[in-house]
Amino acid sequence: MKKVKFVIMLAIILLFVFSINNIVKAEAGMGTVSMITSGGQINGGDGTVKDVVLEYDSVTLNWSEAKPDIGRNRNGYWIGYKIVPPTQAEADTAYYTTTNDAGVTSEKKSFKANRDGGPGNYYLEAWTFIDENKLANYSDTFILYKAEFDWKNDGSQVQTVTIKVNPKNVNLTRDESTTSIVKVVDLGNGASASETTFTIKKDTTLNQSLTESEKAIFNKYKNIDGFVGFYIFDQNDDNTEYKFDASKLNEYKVFDPETTSITKKQVTIVAYINKQPTAPASTPSGEQPGAPVASAPAASTPSGEKDNTPKTGINDIIGYVVSITLVSAIGIVILSKKD
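A closer look at the overall build of the protein
Piece 1. Each helix and strand in the protein was counted, giving 7 helices and 17 strands.
Piece 2. Looking at the protein as a whole, 34% of its 339 residues qualify as buried.
Piece 3. Restricting the contact set of the protein to residue pairs at least 6 apart, pairs at least 24 apart contribute 63%.
Piece 4. Roughly 20,600 Å² of accessible area belongs to the protein as shown, and the carbon and sulfur atoms make up 52% of that amount.

A few points about the packing of aromatic side chains
Piece 1. Counted by the stated rule, this structure contains 16 aromatic pairs.
Piece 2. Geometrically, the ring pair formed by Y231 and Y252 is edge-to-face, given 6.5 Å between the ring centres and 70° between the ring planes. Of the two residues, Y231 is situated in strand β15 (residues 227-234) and Y252 in the loop between β15 and β16 (253-254); the sequence distance between them amounts to 21 residues. With respect to class, Y231 is no different from Y252; both count as buried.
Piece 3. Both rings, one in F244 and one in Y272, keep their centres 5.8 Å apart while their planes meet at 55°; by these two values the pair is tilted. In this pair, F244 sits in the loop between β15 and β16 while Y272 sits in strand β17 (residues 266-274), placing the two residues 28 residues apart along the sequence. Grouping residues by exposure puts F244 and Y272 together as buried.
Piece 4. By the ring-pair criterion, three or more aromatic residues cluster together here, those being Y231, F233, Y242, F244, Y252 and Y272.
Piece 5. Over the face of the ring belonging to W127 we find R72, whose NZ or CZ atom lies 4.6 Å from the ring centre.
Piece 6. K82 extends its terminal NZ or CZ atom over the ring of Y123, reaching a point 4.2 Å from the ring centre.

Section: unusual backbone geometry
Piece 1. The phi dihedral of N153 falls on the positive side, at around 60°, and the residue is not glycine.
Piece 2. Within the secondary structure layout, N153 lies in the loop between β10 (142-150) and β11 (158-165).

Some points on the confidence of the model for the protein
For any part of a model where pLDDT is low, the fine detail of the predicted coordinates should not be relied upon.
Piece 1. Looking at the protein as a whole, its pLDDT mean stands at 81, while 72% of the residues score no less than 70.
Piece 2. Per-element mean pLDDT across the protein ranges from 42 in helix α1 (residues 2-27) up to 98 in β10.
Piece 3. The low-confidence segment residues 10-27, where pLDDT is below 50, has 14 contacts with residues more than four positions distant or belonging to other chains.

What to know about the pairing of strand β3 (residues 51-56)
Piece 1. Only one face of β3 is covered, namely the one carrying V52, L54 and Y56; the face carrying D51, V53 and E55 has none of its residues buried.
Piece 2. Note: β3 against β11, 6 bridges, orientation parallel. Residue pairing for β11: V52 is matched across the bridge by V161.

Considering the pattern of salt bridges
Piece 1. With the rule as written, the count across this model stands at 10 salt bridges.
Piece 2. Taking the shortest distance from any N to any O, the salt bridge between D101 and K134 comes out at 2.6 Å. With D101 in the loop between β6 (95-100) and β7 (109-110) and K134 in helix α4 (residues 132-135), this pair connects stretches of sequence that are 33 residues apart.
Piece 3. Under the relative-accessibility criterion, D101 is labelled buried at 17%.
Piece 4. K215 serves as the salt-bridge partner of E212, at 3.6 Å between the closest nitrogen and oxygen. Of this pair, E212 and K215 both sit in helix α6 (residues 212-219), separated by 3 residues, roughly a single helical turn.
Piece 5. Owing to a relative accessible area of 61%, E212 belongs among the exposed residues under this scheme.

Topic: the environment of K183
Piece 1. Relative to the assigned elements, K183 resides in strand β13 (residues 179-189).
Piece 2. What makes K183 partly exposed here is its relative accessible area of 21%.
Piece 3. Taking C-alpha positions, K183 is 8.5 Å from V270, a pair spaced 87 residues apart along the chain.

Each value, and the rule that gives it
Residues numbered from 1 in each chain as written. Predicted model: local features only at pLDDT ≥ 70, side-chain atom pairs only at ≥ 80, totals over all residues. Heavy atoms only, no water. Helix = DSSP H or I, 4+ residues; strand = E, 2+ residues; numbered from the N terminus. Buried < 20%, exposed > 50% of the residue type's maximum accessible area, 1.4 Å probe, protein only. Contact = heavy atoms within 4.5 Å. Areas by Shrake-Rupley, 256 points an atom, 1.4 Å probe, with all protein chains shown as cover. Phe/Tyr/Trp six-rings, centres within 6.5 Å; stacked < 30°, edge-to-face > 60°. Lys NZ or Arg CZ within 6 Å of the ring centre and 35° of its normal. pLDDT = per-residue confidence, 0-100. Pairing = 2+ DSSP bridges. Salt bridge = Lys/Arg side-chain N within 4 Å of Asp/Glu carboxyl O.

Laid out in structure tokens, this is it:
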């Protein structure tokens, strides 16, 4: 009987060791995150927790020219971080997605295809864009960027990196001797007065300085209904004021993004819009004006499906271990009484 007790106790000890080892593994397996852009704080101390948050409550960012080879595909301001995989093996298996401040999530990206470093020392340097246009959309701390790394590409080791920014304390700096601020605004009949700001190299044209993604943003003004043309206003060094009067177009300088060089510290480009009024639609004979139009039946929405996948976690393991331990202990007591 003593041998039976010994075997039971040994089994309990081994079960505890095995379970604790699994608990540690469930919490381990995270990458190590560090800041490239200084001025923020990182949670979790060493940046190895499951959900890493880089928070920039106050930061100064310097303007930099686009560098597509390292993932900075626009002129402007960037916040970067570095992440090292849990082991070098995950540098081959990991996939990740990124989500911007507008809530748009990218397709899955291969860590292997985008990694930096060399054999035995692979890591990823990631950058997210920020400028005057983004900051103008927020008054309080907001999520600028979020990435989700699936280290095994099977959902077993998932880690997130979130970047938060306080727009009130972001200082965007540039060298005014080599750069110019270009503000584009649509004005006129049917215009929305939307503004977009670009910072480019001084003494260049927009076509020379803007990247392809920036050109796409600028060219949206050409597609506004009623677009007539662009006009440029050079601001004085001590202010950004300008006046626009649609009745004085002949007095203004026409702007051509291909040939007009930006030579001032700051300029405003007006996209003049003159949308013609739309004639009222005629009422078909036999119909009363303003009569309600029967709407099409709403499409039915399929009912949501429940996820029946079994869920496991640390609490389940601990509960399982405790239950087995209690049952085993009771068994030992019973065997002791019988002995």
